[in-house]
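A look at the structure
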Amino acid sequence: MTKSMTGFGSSRHSNKDIEVYCEIKTVNHRFLEVSTKPNDLSNELDLYVREITSKKLKRGNIDIRFRLKFPSSNSYIVNKESLNNLLNSIKKIPNIDSNNISFSDVKDMPGIIKLEQNISIDHKLVKKVFVEALNQLIKSRASEGAKIEKIFLSKINKIENSTSKLSTSNKKLTRKRSESLKKKILNLTEHIDSTRLEQEVALLVLKHDVAEEIERIDFHSISLKDELSSTKTSGKKIDFILQELFRETSTLSVKLDEPAYKQIALDMKLSVEEMREQAQNIE
């Protein structure tokens, strides 16, 4: 199955006191690169998210964002040492009765009261929402991959039709090229060894024979289709096959000198180049 590296997935759980939202965006990357936000996500959750992501995805730049809202409670801690120091300092001030000082008079003084906010995060719920978003992302990447595969198969079919046409005409082109070369040589000289002529012509014609290129192109086209239909399609392997296919179509376009057939080879080369662009997005 062909999977794209581009995709999006999201999931949300909310009620009046709790909201957990997760969205995941992915784009092309040579390797797997995972980033999570917010940065203060607990170590347990961050490790869980990265571990599951690396198991489900092979390549891509993965941007995972959470928005969390859970009930919180506040706790207050009185710094007794600071409070005593303050009261002792006040006692030393003339005309001030330290016995009449109330808590409200000193509560706003720096260092007297420390506020701690306690938030109880439901890790199980966060993990559930994340997995739902990840599964949606995987479906999105599979859907995009199916579109890419459809484009590939169309291009491959076009290339196969072209190679079939060139294969059928190759013998005729070879014979035509051989006869043309003989006529040119005979026009230049009246006395020539016929055996030597046949050998020289054969060597020249062989330089333009495209049977091997057509055979290799057919082989690479089959390999490409096999990889696209594989349960573990690899974007890197597809890119390698396309490099070989591009090399063969380039050679083909150089060898062919008949304008109509040369154009066929150039169109094949263009199809391969278009597939190479699409391959950059395959996982």
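The structure reproduced in this document is the subject of the present report. (Residues numbered from 1 in each chain as written. Predicted model: local features only at pLDDT ≥ 70, side-chain atom pairs only at ≥ 80, totals over all residues. Heavy atoms only, no water.)

Description of helix α7 (residues 235-255)
The end-to-end C-alpha distance of α7 is 30 Å, a good match for the 30 Å that 21 residues give at a rise of 1.5 Å each. Gly 235, Ile 238, Ile 241, Leu 242, Glu 244, Leu 245, Glu 248, Thr 249, Ser 250, Leu 252, Ser 253 and Lys 255 are the residues of α7 that are buried. (Helix = DSSP H or I, 4+ residues; strand = E, 2+ residues; numbered from the N terminus. Expected span 1.5 Å × (residues − 1). Buried < 20%, exposed > 50% of the residue type's maximum accessible area, 1.4 Å probe, protein only.)

Details of the packing of aromatic side chains
Overall, the coordinates contain 2 aromatic pairs when judged by the stated rule. A ring pair is formed by Tyr 48 and Phe 130, whose centres lie 6.3 Å apart and whose planes are at 70 degrees; its orientation type is edge-to-face. Of this pair, Tyr 48 sits in helix α1 (residues 43-56) while Phe 130 sits in helix α4 (residues 123-188), placing them 82 residues apart in sequence. With relative accessibility at 0%, the residue Phe 130 sits in the buried group. Seen from their ring centres, Phe 66 and Phe 130 are 6.3 Å apart, and the 45 degrees between their planes marks the pair as tilted. Pair noted here: Phe 66 is in strand β4 (residues 60-69) and Phe 130 is in helix α4, with a separation of 64 residues, a long-range link. (Phe/Tyr/Trp six-rings, centres within 6.5 Å; stacked < 30°, edge-to-face > 60°.)

Description of the side chain of Glu 283
Relative to the helices and strands, Glu 283 is located in the segment after α8 (259-279). Using a relative accessible area of 5% as the deciding quantity, one classes Glu 283 as buried. Reaching out from Glu 283, the side chain makes a polar contact with the side chain of Arg 141 at a distance of 3.2 Å. When neighbours within four sequence positions are excluded, Glu 283 is seen to be in contact with Lys 3, Ser 4, Met 5, Lys 56, Leu 57, Lys 58, Arg 59, Arg 141, Thr 233, Ser 234 and Gly 235. (Polar contact = N/O pair within 3.5 Å; in protein donor to acceptor, adjacent residues only side chain to side chain. Contact = heavy atoms within 4.5 Å.)

Geometric descriptors of this kind do not, in isolation, establish any biological role.
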